[in-house]
Amino acid sequence: MPDFLSLYIHVPFCRKKCPYCDFFSVTDLSLVNAYVAGVCKEIKLCSAMAGPWPRMPVHTIYLGGGTPSLLSVNQMHKILDMVQNCFCLAPGSEITCEVNPGTVDAPYLANLRQLGINRLSIGVQSFDPRKLSFLSRIHTRKQVFDTLEGAARAGFANLGLDLMYGLPGETHDVWQADLDTALGCNPAHLSCYMLTIEPGTPFFDCCEKGLFLPCDRDRRMDFFVQTAEVLENSGYIHYEVSNFALKQKNCSVHNSHYWHRGAYLGMGPSAHSFVPGKTGGSPGRQSGSGTVLLSSKEKGSVRSWNAADMQAWLDVLAAGRLPRAGCETLTPAQEALEQVMLGLRTKNGILVKALDQDIHAFLVRLENQDLGIFFVPVGAADISRRFRLTRTGLTRLDSIVDTIATKIFDKMHFYDNF
Ligand code: SF4
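**Comments concerning the packing of helix α1 (residues 32-47) against helix α2 (residues 73-86)**
Right, so step 1: Where α1 meets α2, the axes come as close as 9 Å, and the angle between the chain directions of the two elements is 10 degrees. Classified by the interaxial angle, the pair formed by α1 and α2 is roughly parallel. Listed contacts from α2 to Val32, Asn33, Tyr35, Val36, Val39, Cys40, Ile43, Lys44 and Ser47 of α1 are Gln75, Lys78, Ile79, Met82, Val83 and Cys86.

**Overview of α2**
Right, so step 1: Between its first and last C-alpha atoms α2 spans 20 Å; for 14 residues at 1.5 Å apiece the expected length is 20 Å, and the two agree.
Right, so step 2: What α2 keeps buried is the set Gln75, Met76, Ile79, Leu80, Met82, Val83 and Cys86. The arc that holds the buried residues of α2, viewed along the axis, is 150 degrees, so those residues lie on one side. Relative to its buried face, α2 has exposed residues pointing more than 90 degrees away, namely Asn74 and Asn85.
Right, so step 3: Elements in contact with the buried residues of α2: β1 (5-11), α1, β2 (57-65), β3 (88-99) and α3 (106-114).

**Here's the deal with the packing of α3 against helix α5 (residues 141-154)**
Relative orientation and spacing of two packed helices are given, respectively, by the angle between their axes and the distance between those axes.
Right, so step 1: Their axes nearest at 8 Å, the elements α3 and α5 cross at an angle of 40 degrees. Classified by the angle between their axes, α3 and α5 sit oblique to one another. When you trace α3 past α5, the crossing you get is right-handed. Contacts from Ala106, Leu109, Ala110 and Arg113 of α3 reach α5 at Thr147, Gly150, Ala151, Arg153 and Ala154.
Right, so step 2: Of the residues contributing to the contact of α3 with α5, the split by class is five nonpolar, two polar and two charged.

**Looking at unusual backbone geometry**
Right, so step 1: With an omega of 20 degrees, the peptide bond between Gly65 and Gly66 qualifies as cis.
Right, so step 2: Here Gly66 shows up in the loop between β2 and α2.
Right, so step 3: One non-glycine residue with positive phi stands out, namely Gln125, at about 70 degrees.
Right, so step 4: Mapped onto the fold, Gln125 is located in strand β4 (residues 119-125).

**Comments concerning the site of the ligand**
Right, so step 1: Around the ligand sit Cys14, Lys16, Lys17, Cys18, Tyr20, Cys21, Gly66, Thr67, Asn100 and Arg137, and that is every residue in its neighbourhood.
Right, so step 2: Among the residues making up the shell around the ligand, the classes are represented as four nonpolar, three polar and three charged.

**Describing the sheet that holds strand β15 (residues 350-351)**
Right, so step 1: The antiparallel open sheet is built from three strands, whose spatial order is β15-β17-β16. Edge positions in the sheet fall to β15 and β16 (372-375), since each of these pairs with one other strand and no more.
Right, so step 2: Both β15 and strand β17 (residues 386-389) contribute to a ladder of two bridges, which runs antiparallel. In the strand pairing of β17, Ile350 is matched with Phe387.
Right, so step 3: Here helix α12 (residues 357-368) sits on the sheet and contacts β15, β16 and β17; the angle it forms with β16, its principal contact strand, is near 115 degrees.

**Focus on the domain arrangement of the chain**
Where interface size is given, it is often the accessible area lost as the parts come together that is meant.
Right, so step 1: Under the domain assignment, the chain is made up of domain 1 (5-256) and domain 2 (277-416).
Right, so step 2: Each partner contributes to the interface: domain 1 provides 26 residues, whereas domain 2 provides 20 residues.
Right, so step 3: When domain 1 packs against domain 2, close to 1900 Å² is buried across both sides, 70% of that on carbon and sulfur atoms.
Right, so step 4: Inspection of the region where domain 1 meets domain 2 yields four salt bridges.

**A look at the packing of aromatic side chains**
Right, so step 1: For the structure shown, the criterion picks out 14 aromatic pairs.
Right, so step 2: Between Phe134 and Phe203, the ring centres sit 4.9 Å apart and the planes meet at 40 degrees, which makes this aromatic pair tilted. On the criterion of sequence distance, the pair formed by Phe134 in helix α4 (residues 129-134) and Phe203 in helix α7 (residues 202-208) is long-range, its members being 69 residues apart.
Right, so step 3: What makes Phe203 buried here is its relative accessible area of 5%.
Right, so step 4: Grouped by ring-pair contacts, the aromatic residues Tyr20, Phe134, Phe203 and Phe212 constitute a single cluster.
Right, so step 5: In this structure, Arg113 is placed above the aromatic ring of Phe156, and the distance from its NZ or CZ to the ring centre is 5.7 Å.
Right, so step 6: Against the face of Phe375 rests Arg388, its NZ or CZ located 5.5 Å from the ring centre.

About the thresholds
Residues numbered from 1 in each chain as written. Predicted model: local features only at pLDDT ≥ 70, side-chain atom pairs only at ≥ 80, totals over all residues. Heavy atoms only, no water. Axes fitted to C-alpha atoms, helices over the stretch in contact; angles between N-to-C directions. Helix = DSSP H or I, 4+ residues; strand = E, 2+ residues; numbered from the N terminus. Parallel < 35°, antiparallel > 145°, perpendicular 65-115°, else oblique. Contact = heavy atoms within 4.5 Å. Expected span 1.5 Å × (residues − 1). Buried < 20%, exposed > 50% of the residue type's maximum accessible area, 1.4 Å probe, protein only. Arc of directions from axis to C-beta. Left-handed = near helix turned anticlockwise from the far one by under 90°. Nonpolar A, V, L, I, M, F, W, Y, C, P; charged D, E, K, R; others polar. Near = heavy atom within 4 Å. Pairing = 2+ DSSP bridges. Domains from an automatic or database assignment. Buried area = accessible area lost by both parts, 1.4 Å probe. Salt bridge = Lys/Arg side-chain N within 4 Å of Asp/Glu carboxyl O. Phe/Tyr/Trp six-rings, centres within 6.5 Å; stacked < 30°, edge-to-face > 60°. Lys NZ or Arg CZ within 6 Å of the ring centre and 35° of its normal.

Shown next, in the form of structure tokens:
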């Protein structure tokens, strides 16, 4: 398990709410100053928490949102300064900031670089004016290019573009044009997400009223395969189901840390934190029939979260307490399932020796259907054998994880009552 800490800072402001988005953010920018003071206080409180985590080296900081680029350079400076004063920031840490075109200009980007931010995740979504308009994004195609140019001039070599596909009526040609334009910009990283219709969003209401339909399962798979084929043929590493890196060094360290279930502390309204348990779900006791998953007696990982409510978050901080709205200790079954669920999303896959025989047999069946593959990482011993999904397997990720979940929960129930 990685022995470093990641920090996530949620900046919950947007100029306008996009109708598909269910992330927590507000459009009242008069709250920004109170937020900055609040998040600085939270950083300080987090660093004083009990346990070893606050004293671990921090390797990644991620400013996400919302739209972090709505903060002024000065406000950004205050937050990063507070992190630097309170945590042990390792040299060469990856410091990412999400920026949205239409909220930044070249001098602003140059200032972010000066503050030590060394990676940008740019919320492009599309280069196609029709798609941008359907998504109600605030930016134009030209503003995307201006942002990319400003970022390159500011010296950001590690640039990631977020793109979205599978809009109602979108054709493969339209998506291909977006991919081609993105590739023409030669970004170090691409995140390609399918438009999902989340309950509680205006798009969800539109679907309920029959104004448009979400993409069906077959088309979703076709778009996914098209994306993976085009980007891998262009030399990108498909290292996570939605993420592609030009070179190994361009894979997001921060997000990889999540997928490896490393420790992270989240600050800001709605942010989540995760502190791995003693074993973090790694293989536990053995039985005659093969490796079983963790014993429920072992200390589990803890996940906690802040209120998705600006005033509630500010009120708790004003009282001098950490604004945790809830927390849970994962059961052994949850630990095991998370490992599988997150691992199968990635090119690294999952460690085979941690698995029960029944699950192992299921993976063998997947391999026989070309949905997965067993492999030993280069230079590793056979005991480090892993299993990952193929491109076709990834199109069935959800149902594969569901089947494994059923097996895990049946098994855990059996052993917990043994
Ligand atoms: S800018 Fe991003 S965070 Fe804000 S509403 Fe749109 S999608 Fe959501």
